[in-house]
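Descriptive analysis of the structure
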Amino acid sequence: MEQNHFGRLRTLAQLGTGRSDAFRYAALAIAWLALWRLSALMQYDPHASLWFPPAGLTLAALLVMGWRALPVLMPCAIVATFWIDRIYATHLPARELWVSGILFATVHCLSYGSGAWVLRRMIRRSASPSTPTVVTTFLLISALASLGATVLGIRALEATGMIVPSSQSLWLPWWIGDLAGALVLTPLFVGLLSWRYPQIEPWLGGLSFLPQSRGSGTYAGKLMLEIIVVIAVLTADAYFHSPDTAFAMFFLILPQMWVVYTESPFRAALSIALMSTAIAVLVALLGITRDALVYQFAICVIAASAYFGFAVPALVAQNRHLSELASTDGLTGAATKTHFFECSERELADARSQGMPVSLLVMDIDCFKAINDGYGHAAGDQILIGLVRTLRHQLRQSDLIGRFGGDEFMVLLPGLALDRAEATADRLRRALAEMRVPGSSHGLSAGFGVAAVGDGESIMEAFRRADERLLGAKRNRPPAVEATN
């Protein structure tokens, strides 16, 4: 009976997985055909769209799903070929349409599939790819894959009679249209798929495409500014009939970079897609396709610049993390020794300029080695963490806590003369006595050395005097805590 129960559960799980895969494939097919029809509406020459969104979805699907996406992409490309026959009324025989469709589907999927395969291998060969590496690799592969799809696609349609060979250069607008679709939409679709495929995250070079709910109003305002720029440039182009007006679209890079630097990668990728769609739709509606190539290049340049802009927040975050590692003790959160002395010298200079005293307190835990040996290093680490937490609770916000090493800590007390600094040490001694050593009823005890920073004296010189007083105090009294097994 138990085996039958587990068998039914396994069958239900397989059915659920099968239904999920079927839904995913159906959604991919519907999305691809919808994007293809959208690109057909934005054509400014036969077989030349301002941008070709299916290229971005094809590259993203093959990048994420691998060759498993072919059973969906191949039929979609064949259906698109028959759709082209209806749109342009070529009246080709069904056999030639099938041949044309299969050839087009093959070269389209082969070009972008090869690009996706190379991109995955290049990124995976790097143990921890950086954002600039991922972006540069993606731009290069997108350009080469779209060029291959263009050249081979034209040859395939010419061979079957769907395109009549002519002296007119069809390859450039076809290529730039495919490239624009791949550049603009591939990161967005990869980001959407990364929610369901978390293994994709390492490919993104430290970028996170998780949704962001905060600041939606500010983000909408930035999008509105971008839409105003798009409408203003396209309206001026339609009104003045001047080819030079179209180049003003490159100014869209300014608000787009504002979005990149202040919003999440997902929102930045979404804004690029929305602005590119608005440009393509309005160019078709306003009938200014004479400058279509300029707008194609504008879309590509803005998208490429924005993706390189992703590296700036990533590098800032990385530098901030490295700075924190260099200035903060990883266990306790106190300042490192180097950072403590650097900050203390600045605090000392400020205090002297205002005529204020400065004192330095040095302390270490009694019998800390015995605690580690008797109760384990994990218990010792918890004591160090709790000690710093207690110090922060007892001290002022302006006081600086540093870890000299091991169980020895330093506290800078700006504005306190020697008598008040000694009173602070007594208060800290009583607070630490309330802490308990794990597995023992003893309270925590510590030795203290206090010194006021004299006129013309450096922090390091004051530290040496305070450390000598700490050593003298520890020699003159017996240890208060002993470890017991």
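Above this text you will find the structure in question.
Just so you know, these numbers come straight off a predicted model, no measurement behind them.

1. With respect to the overall build of the chain
- Of the regular secondary structure elements, the chain holds 16 helices and 6 strands.
- Counting over 485 residues, the chain shows a buried share of 47%.
- Counting only contacts in the chain whose residues sit at least 6 apart along the sequence, the fraction spanning at least 24 positions is 74%.
- Accessible surface, the chain: about 23900 Å² in total, of which carbon and sulfur atoms supply 62%.

2. A word on the sheet that holds strand S6 (residues 446-452)
- Across the sheet, which stays open at both edges, the 4 strands sit in the order S4-S5-S3-S6 with antiparallel pairing between neighbours. The two strands at the open ends of the sheet, each matched to only one other strand, are strand S4 (400-405) and S6. Across the sheet, the mean angle separating the axes of adjacent strands is 20° when strand polarity is ignored.
- Looking at chain direction, strand S3 (residues 358-365) and strand S5 (residues 408-414) are connected through 7 bridges and run antiparallel. Each bridged residue has a counterpart across the sheet, and for Val-358 the counterpart in S5 is Pro-414.

3. Notes on the pattern of salt bridges
- Summed over the entire model, instances satisfying the criterion amount to 9 salt bridges.
- Arg-403 serves as the salt-bridge partner of Asp-329, at 3.1 Å between the closest nitrogen and oxygen. Of this pair, Asp-329 sits in the loop between helix H11 (311-327) and helix H12 (337-353) while Arg-403 is found in strand S4, placing the two residues 74 residues apart along the sequence.
- What emerges from the salt-bridge pattern is a single network uniting Lys-222, Glu-263 and Arg-267.

4. Looking at helix H10 (residues 292-309)
- End to end, H10 covers 26 Å across 18 residues, agreeing with the expected 26 Å (1.5 Å per residue, within 8%).
- Most of H10 is tucked away: 13 of the 18 residues are buried.

5. Description of the state of the cysteines
- Across all of its chains, the model carries 0 disulfides by this definition.
- Distance from the sulfur of Cys-76, which forms no disulfide, to the nearest cysteine sulfur (Cys-109) is 8.9 Å.
- For Cys-76, a relative accessible area of 4% gives the class buried.

6. Observations concerning the packing of helix H14 (residues 377-394) against helix H15 (residues 418-433)
- Contact geometry for H14 and H15: axes closest at 10 Å, N-to-C directions at 135°. Accordingly, the angle class assigned to the pair H14 and H15 is oblique. In this structure, H14 meets H15 at a crossing whose hand is right-handed. Together, Leu-387, Thr-390, Leu-391 and Gln-394 of H14 and Arg-427, Leu-428, Ala-431 and Leu-432 of H15 make up the contact between the two elements.

Quick notes on the rules
- Residues numbered from 1 in each chain as written.
- Predicted model: local features only at pLDDT ≥ 70, side-chain atom pairs only at ≥ 80, totals over all residues.
- Heavy atoms only, no water.
- Helix = DSSP H or I, 4+ residues; strand = E, 2+ residues; numbered from the N terminus.
- Buried < 20%, exposed > 50% of the residue type's maximum accessible area, 1.4 Å probe, protein only.
- Contact = heavy atoms within 4.5 Å.
- Areas by Shrake-Rupley, 256 points an atom, 1.4 Å probe, with all protein chains shown as cover.
- Pairing = 2+ DSSP bridges.
- Axes fitted to C-alpha atoms, helices over the stretch in contact; angles between N-to-C directions.
- Salt bridge = Lys/Arg side-chain N within 4 Å of Asp/Glu carboxyl O.
- Expected span 1.5 Å × (residues − 1).
- Disulfide = S-S within 2.5 Å.
- Parallel < 35°, antiparallel > 145°, perpendicular 65-115°, else oblique.
- Left-handed = near helix turned anticlockwise from the far one by under 90°.

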